[in-house]
Structures are given as C-alpha cells and as structure tokens.
Amino acid sequence: MLSILGEARSETSWEALLTYFLDPVAPNGMDTDILAAFFDTISATTQSNLSPRTHQLSEVEVETQITADDGVPHLLLWVRDEWFCCVELKSHSGESN
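In this text, all values refer to a predicted model and were calculated from it rather than measured experimentally. (Residues numbered from 1 in each chain as written. Predicted model: local features only at pLDDT ≥ 70, side-chain atom pairs only at ≥ 80, totals over all residues. Heavy atoms only, no water.)

**So, the overall build of the protein chain**
Each helix and strand counted, the protein chain has 2 helices and 3 strands in total. The order of helices and strands in the protein chain, counted from the N terminus, is α-α-β-β-β. Every one of the 97 residues in the protein chain was classed for burial, and the buried ones make up 32%. A separation of at least 24 residues holds for 37% of the contacts in the protein chain among residues at least 6 apart in sequence. (Helix = DSSP H or I, 4+ residues; strand = E, 2+ residues; numbered from the N terminus. Buried < 20%, exposed > 50% of the residue type's maximum accessible area, 1.4 Å probe, protein only. Contact = heavy atoms within 4.5 Å.)

**Notes on helix 2 (residues 33-45)**
Spacing of three or four residues puts side chains on the same side of an α-helix, whose turn is 3.6 residues. End to end, helix 2 covers 18 Å across 13 residues, agreeing with the expected 18 Å (1.5 Å per residue, within 8%). Burial in helix 2 covers these residues: Leu35, Ala36 and Phe39. Down the axis of helix 2, the buried side of the element spans an arc of 100 degrees, and every buried residue falls inside it. Residues of helix 2 that are exposed and point more than 90 degrees away from the buried face comprise Asp33, Ala44 and Thr45. (Expected span 1.5 Å × (residues − 1). Arc of directions from axis to C-beta.)

**What to know about the side chain of Glu15**
In this structure, Glu15 sits in helix 1 (residues 11-22). Apart from residues lying up to four places away in sequence, Glu15 is in contact with Thr64, Gln65, His74, Leu75 and Leu89.

**A short note on the environment of Trp78**
Tracing the backbone through its elements, the reader meets Trp78 in strand 2 (residues 75-79). Looking at Trp78, its side chain comes within polar contact range of the side chain of Glu63, at 3.0 Å. (Polar contact = N/O pair within 3.5 Å; in protein donor to acceptor, adjacent residues only side chain to side chain.)

**A short note on the nonpolar core**
In this structure, Phe39, Val60 and Leu77 are the most contacted members of the largest nonpolar core, which totals 14 residues. For this core, the secondary-structure elements that each account for two or more residues are helix 2, strand 2 and strand 3 (83-87). Filtering out sequence-adjacent residues up to four positions away, Leu77 remains in contact with Leu22, Phe38, Phe39, Val60, Glu61, Val62, Trp83, Phe84, Cys85 and Val87. (Core = buried A, V, L, I, M, F, W, Y, C linked by side-chain atoms within 4.5 Å.)

**Side note on the environment of Ser13**
Within the secondary structure, Ser13 sits in helix 1. Ser13 sits in the buried class, given a relative accessible area of 18%. Discounting chain neighbours no more than four positions away, the residues touching Ser13 are Leu2 and Glu7.

**Overview of the sheet that holds strand 1 (residues 61-64)**
Across the sheet, which stays open at both edges, the 3 strands sit in the order 1-2-3 with antiparallel pairing between neighbours. Every other strand in the sheet has two partners, leaving strand 1 and strand 3 as the edge strands with one partner each. Ignoring strand direction, the axes of neighbouring strands in this sheet form an average angle of 20 degrees. By the bridge criterion, 5 bridges tie strand 2 to strand 3 in an arrangement that is antiparallel. When the bridges of strand 3 are listed, Val79 appears paired with Trp83. Contacts from helix 1 reach strand 1 and strand 2, with the element oriented near 20 degrees to strand 2. Packing of helix 2 onto the sheet brings it into contact with strand 2 and strand 3, and relative to strand 3 it is tilted by some 80 degrees. (Pairing = 2+ DSSP bridges. Axes fitted to C-alpha atoms, helices over the stretch in contact; angles between N-to-C directions.)

Structure (structure tokens):
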C-alpha cells in the first residue's frame, strides 16, 4: 500500500499505518486481531518474554513519538501498570543506538 502511494521509505507513514491497525479502538473493524498477530509474531521470532496474550489486548494504548531518556521511539504499545513495548521503525536506514 505504501509503495503504491510512494511512501514506502517514509517512517512517518509506516508509523501512522501501524498506529491505525494496532490500536484496538481505531475504527478499522479489526478490534484486537492485528494487535494479537503482531505480538504472536514477536513471540515467534524473538526471545522476548512479553506475553501480552495474558492481558486484555482491548486495554492496549498506542502512542507515537514518546520522548524517552535515550531517544524517541516511534510507537509505544502499553497497558497501564502492566507492560509496555517500544517500537523503533527502520525504513531503508541502518540501525543506531
């Protein structure tokens, strides 16, 4: 989709797209399905011990461009007082600290 729009290299566009589909209250008709698949993929491909399936995915809040001590993660997925997941998007750029 972003390639068709000429935005495949835009981290801002990826951020907006992911926010829309991962946010359980966004009017996309997917409820928590995409969010659940996102975390299932993280669990299957990393050594993360995050198990959000044990929490209510409908309570997940999605925020963007949160200022942190060590940078500005693109996405913050979290359930208040339970857990959080920071997402740094890399679109055609190398990794950095």
